[in-house]
Amino acid sequence: MPRNIRMMDRAASPLVVFLVEDNALIRDNLIVALEELVDMRVVAWAESEGAAADWLREHPDGWQLAVIDLFLRDGSGLGVLQACRERKSRQRAVVLTNYADVDIRAQCLAMGADAVFDKSTELDAFLEFCER
């Protein structure tokens, strides 16, 4: 398994999440928020585009929600969006970034994102989306 991807212990949960975030503090806080506030289960996370794309390819049915940051240690969240573009209808891809301006939102939506949220100003809206 690549160094920058980690599998989490899998348990029964209403929604199974794959998280793509290279900042350890943000990643750890998101895992806590998703698992405790929204009752989701993060089953795996990746820090780079390549590791995320590999995981998605190896686990096509292993997730229901992909939460993707745009700026990663290596590569970009746009490449991750491309990797999950052919997902099943029950699967959603959401971009959670600090750079959610009008152009970025349009580009992400055009590439198949179901929603785009700003980490610094739209966390409540992001969590509400996750609860739906």
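It should be noted that the structure appears before, not after, this text.
These notes cover the structure that comes with them. (Residues numbered from 1 in each chain as written. Predicted model: local features only at pLDDT ≥ 70, side-chain atom pairs only at ≥ 80, totals over all residues. Heavy atoms only, no water.)

Quick word on the environment of Arg 85
So, step 1. Turning to its location among the elements, Arg 85 is positioned in the loop between helix H3 (77–83) and strand E5 (92–97).
So, step 2. Through-space distance from the C-alpha of Arg 85 to that of Ala 113 is 8.3 Å; in sequence the pair is 28 residues apart.
So, step 3. Residue contacts for Arg 85: discarding those within four places in its chain leaves Ala 110 and Met 111.
So, step 4. In terms of polar contacts, Arg 85 uses its side chain to reach the backbone carbonyl oxygen of Ala 110, at 3.2 Å. (Helix = DSSP H or I, 4+ residues; strand = E, 2+ residues; numbered from the N terminus. Contact = heavy atoms within 4.5 Å. Polar contact = N/O pair within 3.5 Å; in protein donor to acceptor, adjacent residues only side chain to side chain.)

Quick notes on the side chain of Asp 22
So, step 1. Here Asp 22 is to be found in the loop between strand E2 (16–20) and helix H1 (24–37).
So, step 2. A polar contact of 2.9 Å, which involves the side chain of Asp 22, links it to the backbone nitrogen of Arg 73.
So, step 3. Those residues within four positions of Asp 22 in sequence are excluded, and the remaining contacts are Arg 27, Glu 47, Asp 69, Phe 71, Leu 72 and Arg 73.

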